[in-house]
Amino acid sequence: MSPAARLRGLKPDWISDPRVWRTEVLGGLVVALALIPEAISFSIIAGVDPAIGLFASFTMAVTIAIVGGRRAMISAATGAVALVIAPLNREHGFGYLVAAVILAGVFQIALGALGVAKLMRFVPRSVMVGFVNSLAILIFMAQIPEMRGVPWPVYPLMAGGLALMVFFPKLTTVIPAPLVSIVILTVITVAAGIAVPTVGGKGELPSSLPVPGLPDVPFTLDTLTTIAPYAFAMALVGLMESLMTAKLVDEITDTHSDKTRESIGQGIANVVTGFFGGMGGCAMIGQTMINVKVSGARTRLSTFLAGAFLMVLCIVFGPVVSDIPMAALVAVMVMVSFATFDWHSIAPKTLKRIPAGEITVMVITVVCVVATHNLAIGVVVGSITAMVVFAKRVAHLAEVTATTGPDGSSVVYRVTGELFFASSNDLVGRFDYATDPKKVVIDLSAAHIWDASSVAALDGIAAKYAQRGKTVEITGLNDPSADLHGKLTGELAAGH
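Residues numbered from 1 in each chain as written. Predicted model: local features only at pLDDT ≥ 70, side-chain atom pairs only at ≥ 80, totals over all residues. Heavy atoms only, no water.

### Remarks on the overall build of the protein chain
As a reminder of what qualifies: Only DSSP runs of H or I with at least four residues qualify as helices, and only runs of E with at least two residues qualify as strands; both kinds are numbered from the N terminus onward. Using a 1.4 Å probe on the protein chains alone, a residue whose accessible area is under 20% of its type maximum counts as buried, one over 50% counts as exposed, and one in between counts as partly exposed. In what follows, residue pairs with any heavy atoms lying within 4.5 Å of each other are defined as contacts. Method for areas: the Shrake-Rupley scheme with a 1.4 Å probe, in which residue coverage is limited to the protein chains shown.
Counting its regular elements, the protein chain contains 21 helices and six strands. Along the three orthogonal principal directions, the C-alpha set of the protein chain runs to about 100 × 65 × 60 Å. Going through the 496 residues of the protein chain one by one, you find that 51% of them count as buried. For the protein chain, long-range pairs separated by at least 24 residues make up 85% of all intrachain contacts whose partners lie at least 6 apart in sequence. Surface summary for the protein chain: the accessible area is close to 22600 Å², and the carbon and sulfur share equals 66%.

Dropping the structure here:
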């Protein structure tokens with residue numbers, strides 16, 4: 001391949017394809033518009049000035065677009081992070097909050113380098129479906145306050161916005177339907193002088209770019225011990241939401257992402273955000289769905305432009321953006337929640353085919369997330385439930401069959417299945433110690449020993465026979481099982 005050809009292969013798609021460029025630019029613009037009220041709301045949750053959340057969304061999006069491992073995913077200030085660090089800001093002040101954001105970024109870089117992203121392989125599909133469905137519910141629930149106690153024109157405006165997003169794509173997909181909806185509803189409300197809640201009512205938009213600096217805290221061990229618990233909690237919550245969102249985008253786009261790079265990238269983005277006085281953040285699932293699923297964006301350009309447009313809209317077009325009716329943005333998020341929910345997962349035909357245990361895991365995940373408003377808690381509880389369900393299911397797969405020798409002097413017990421702590425607990429009771437002949441053979445050629453509990457169970461069986469003057473021979477061990485059994489047998493009895 002010639003150097004010119006190699007160079008062309010390194011160029012991003014949006015450089016060589018105007019259609020991709022248009023999709024990415026418009027997608028970034030829609031996300032930027034949707035980010036503004038969200039960032040302001042999360043600032044209020046964290047107890048900081050609205051500009052702090054907007055600055056965080058700007059620096060997070062721009063930085064992660066460069067260093068992240070999942071293209072087209074949006075990272076910005078989030079509610080989960082705001083909830084974690086709000087008590088720190090309330091009790092110790094804004095300087096400590098910024099210091100915690102920087103330290104959380106350092107923790108994320110370290111966790112990413114240690115391979116925490118590999119833990120994602122242990123998240124089963126039922127938890128992933130529960131995560132997606134609970135996410136859709138949370139997105140919708142977040143819009144409910146914007147529908148209560150508002151002037152009546154809000155409701156027809158929302159209905160009109162939803163109708164535009166449903167029917168406009170049938171005419172053309174060149175311009176994202178959410179952008180069309182936002183522009184038309186804004187023009188209608190401004191031209192007709194309709195008094196409805198607007199973006200400007202959420203808080204004052206910043207008029208200048210953020211300036212880098214160090215957090216205003218004493219650099220002492222006492223400060224470190226104060227911020228470390230909050231920083232570590234923020235790091236875990238941020239990584240959990242980001243990696244789950246990356247996995248979701250992988251499935252939607254049928255592409256692969258570098259989860260380790262994403263983990264480290266989230267840390268770098270939070271460190272940068274902290275030094276610019278932002279409140280930190282992680283992947284934003286709702287805005288990511290707007291970018292990927294609604295707008296069709298697929299490259300880093302849309303993520304970068306979402307952050308860049310955010311500041312341009314605030315600083316240059318602040319008065320115009322302030323006039324955008326909240327009804328328009330609420331309609332966009334309602335559409336996103338509807339598109340995000342996995343309706344197939346609750347269809348009667350699907351529920352009839354899926355094992356009851358997996359349905360239980362999905363429901364528990366959804367209930368935990370909706371009850372706590374914390375996606376990370378739901379994923380952890382759902383994953384633990386899935387492990388319990390799996391262990392219970394596999395525990396019953398270990399079968400024991402006995403065959404007495406022709407002369408009656410020996411008996412062969414054939415064990416089939418996986419031997420681990422759950423299944424081996426019942427193994428001891430499957431043998432007839434009193435009436436079996438002097439020689440007992442336990443054939444494990446169709447079994448596998450996974451843990452010390454299984455070795456201890458086999459030792460217990462041998463001990464029970466030995467008490468009756470009978471011998472036990474274990475045969476058929478595969479190499480890993482033989483190795484584990486050889487290391488542990490005789491070493492697990494009480495007193496060792």
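### Considerations on the packing of aromatic side chains
The cut-off we apply is this: Classification of ring pairs uses Phe, Tyr and Trp, with its six-membered ring standing for Trp, and accepts pairs whose centres are within 6.5 Å; under 30 degrees between planes counts as stacked, over 60 as edge-to-face, and the remaining range as tilted. A ring has a charge above it when a Lys NZ or an Arg CZ is no more than 6 Å from the ring centre and no more than 35 degrees off the ring normal.
Across all of its chains, the model carries eight aromatic pairs by this definition. Residues Tyr413 and Phe431 carry aromatic rings whose centres are separated by 4.4 Å and whose planes lie at 50 degrees to one another, so their mutual orientation is tilted. One end of the pair, Tyr413, is in strand 4 (residues 410-419); the other, Phe431, is in the loop between helix 19 (421-424) and strand 5 (439-449), with 18 residues separating them in the sequence. In this structure Tyr413 comes out as buried when scored by relative accessible area, which is 4%. Both rings, one in Phe431 and one in Tyr465, keep their centres 6.4 Å apart while their planes meet at 90 degrees; by these two values the pair is edge-to-face. Highlighted residues: Phe431 in the loop between helix 19 and strand 5 and Tyr465 in helix 20 (residues 452-466), separated in sequence by 34 residues. Across this residue pair, the class does not change: Phe431 and Tyr465 are buried. Pairwise contacts between aromatic rings join Tyr413, Phe431, Tyr433 and Tyr465 into one cluster. The ring of Tyr433 has Lys464 lying over it, and the distance from NZ or CZ to the ring centre is 5.8 Å.

### Here's the deal with the environment of Leu492
Within the fold, Leu492 resides in the segment after helix 21 (479-488). The contacts of Leu492, once residues within four sequence positions are left out, are Ala452, Val455 and Ala456.

### Considerations on the confidence of the model for the protein chain
Just so we agree on the cut-off: The quantity known as pLDDT measures the predictor's confidence residue by residue, on a range of 0 to 100.
The predicted model of the protein chain has a mean per-residue pLDDT of 89, with 95% of residues at 70 or higher. Segment residues 4-10 is flagged for pLDDT under 50; beyond a separation of four residues in sequence, or across chains, it makes one contact in the model.

### Overview of the environment of Ile45
Summarising the element assignment, Ile45 is placed in helix 3 (residues 18-46). Sequence-wise, Ile45 and Val84 are 39 residues apart; in three dimensions their C-alpha atoms are separated by 9.9 Å. Other than its neighbours up to four places away in sequence, Ile45 contacts Ala82, Leu83 and Ala86.

### Digging into unusual backbone geometry
Within the chain, Ala72 stands out as a residue other than glycine whose phi angle is a positive 75 degrees. Residue class for Ala72 comes out buried when judged on its relative accessible area of 2%.

### Quick word on the layout of surface pockets
Heads up, the rule is: Cavities and pockets were defined on a 1 Å grid built from protein atoms only: a cavity is a group of points that admits a 1.4 Å probe but offers it no way out, a pocket is an open group of points flanked by protein on both sides within 12 Å along at least five of seven lines, and a lining residue is one with an atom within 4 Å of any such point. Grid points are joined across faces, edges and corners, and a volume is the space filled by probe spheres set on the points. Only Asp, Glu, Lys and Arg are considered charged, only Ala, Val, Leu, Ile, Met, Phe, Trp, Tyr, Cys and Pro nonpolar, and every remaining residue, Gly among them, polar.
Roughly 820 Å³ of volume is contained in the largest pocket. Contributing to the lining of the largest pocket are 32 residues, with Glu38, Phe42, Gly79, Leu138 and Ala142 lying nearest its centre. Elements represented by at least two residues in the lining of the largest pocket include exactly helix 3, helix 5 (79-92), helix 7 (125-143), helix 12 (285-294) and helix 15 (326-340). When the residues that make up the lining of the largest pocket are grouped by side-chain class, the tally is 20 nonpolar, eight polar and four charged. The volume enclosed by the second largest pocket comes to roughly 350 Å³. By residue number, the principal contributor to the lining of the second largest pocket is helix 18 (residues 375-395), which donates five residues.

### Some details on the nonpolar core
What counts, and what does not: By nonpolar core we mean a set of buried residues, namely Ala, Val, Leu, Ile, Met, Phe, Trp, Tyr and Cys, connected to one another through side-chain atoms within 4.5 Å.
Among the nonpolar cores identified, the biggest contains 107 residues, and Ile36, Leu54, Phe131, Met279, Ile290 and Leu310 are the most heavily contacted of them. Take this core: its biggest share by element is twelve residues, from helix 3. Residues in contact with Ile36, not counting those within four places in the same chain, are Leu54, Val199, Leu205, Leu310, Leu313, Cys314 and Val321. Counting residues in hydrophobic clusters, the runner-up holds 18 residues, among them Val440, Leu444, Ala447 and Val455.

### Regarding the pairing of strand 3 (residues 399-404)
The criterion, for reference: A pair of strands is considered paired only if DSSP assigns at least 2 bridges between the two.
Sheet topology note: the strand 3/strand 4 ladder contains six bridges and is antiparallel. Residue pairing for strand 4: Thr404 is matched across the bridge by Val411. Taking the residues that link successive antiparallel strands as the turn, the strand 3-strand 4 hairpin has five residues, and the phi of Gly408 there is positive, at about 75 degrees.

### As for the side chain of Asp436
For clarity, the cut-off: Within 3.5 Å is the distance limit for a polar contact, defined as a pair of N or O atoms, with the added protein rule that one can donate a hydrogen and the other accept it, and that residues adjacent in sequence qualify only through two side-chain atoms.
Here Asp436 is to be found in the loop between helix 19 and strand 5. Within the structure, the side chain of Asp436 is placed 2.5 Å from the side chain of Tyr465, a separation counted as a polar contact. Excluding its chain neighbours within four sequence positions, the residues that come into contact with Asp436 are Val411, Tyr413, Tyr465 and Lys470.

### Regarding helix 4 (residues 50-67)
Put simply, the test is: By this rule, a helix spans an expected 1.5 Å times one less than how many residues it contains.
The end-to-end C-alpha distance of helix 4, which contains 18 residues, comes to 26 Å, matching closely the 26 Å that a straight helix rising 1.5 Å per residue would cover. Summarising burial for helix 4: 16 of the 18 residues are buried, a large majority. For helix 4, the N-terminal capping position is held by Asp49, with its side-chain oxygen 3.0 Å away from the main-chain nitrogen of Ala51.

### Description of the pattern of salt bridges
This is how the line gets drawn: Throughout this description, the term salt bridge denotes a Lys or Arg side-chain nitrogen within 4 Å of a carboxyl oxygen of Asp or Glu.
This structure, assessed with the given rule, holds six salt bridges. Here Glu399 ties to Arg430 by a salt bridge, and the two come within 3.7 Å at their closest N and O atoms. With Glu399 in strand 3 and Arg430 in the loop between helix 19 and strand 5, this residue pair connects regions lying 31 residues apart in the sequence. For Glu399, a relative accessible area of 41% translates into the label partly exposed. Residue Lys487 is joined to Asp483 by a salt bridge in which the shortest nitrogen-to-oxygen separation is 3.4 Å. Of the two residues, Lys487 and Asp483 both sit in helix 21, four residues apart, roughly one turn of that helix. Residue class for Lys487 comes out exposed when judged on its relative accessible area of 57%. Linked through salt bridges whose partners overlap, the residues forming this network are Arg70, Asp250 and Lys259.

### What to know about the packing of helix 6 (residues 94-113) against helix 11 (residues 259-275)
Rule in force here: An axis is simply a line fitted to the C-alpha atoms; with a helix, the fit covers only the stretch in contact. Between two such axes, the angle follows the N-to-C directions and lies from 0 to 180 degrees. Roughly parallel means an angle under 35 degrees; roughly antiparallel, over 145; roughly perpendicular, 65 to 115; everything else is oblique. The crossing is said to be left-handed when, going from far helix to near helix, the turn is anticlockwise and less than a right angle, and right-handed when the turn is clockwise.
Where helix 6 meets helix 11, the closest approach of the two axes is 7 Å, and the angle between their N-to-C directions is 165 degrees. Classified by the angle between their axes, helix 6 and helix 11 sit roughly antiparallel to one another. Of the two elements, helix 6 crosses helix 11, and the hand of that crossing is left-handed. Residue-level inspection shows Val98, Val101, Ile102, Gly105, Val106, Gln108, Ile109, Gly112 and Ala113 of helix 6 in contact with helix 11, the latter providing Thr260, Ser263, Ile264, Gln266, Gly267, Ile268, Asn270, Val271, Gly274 and Phe275. A per-class count over the contact of helix 6 with helix 11 returns ten nonpolar, nine polar and no charged.

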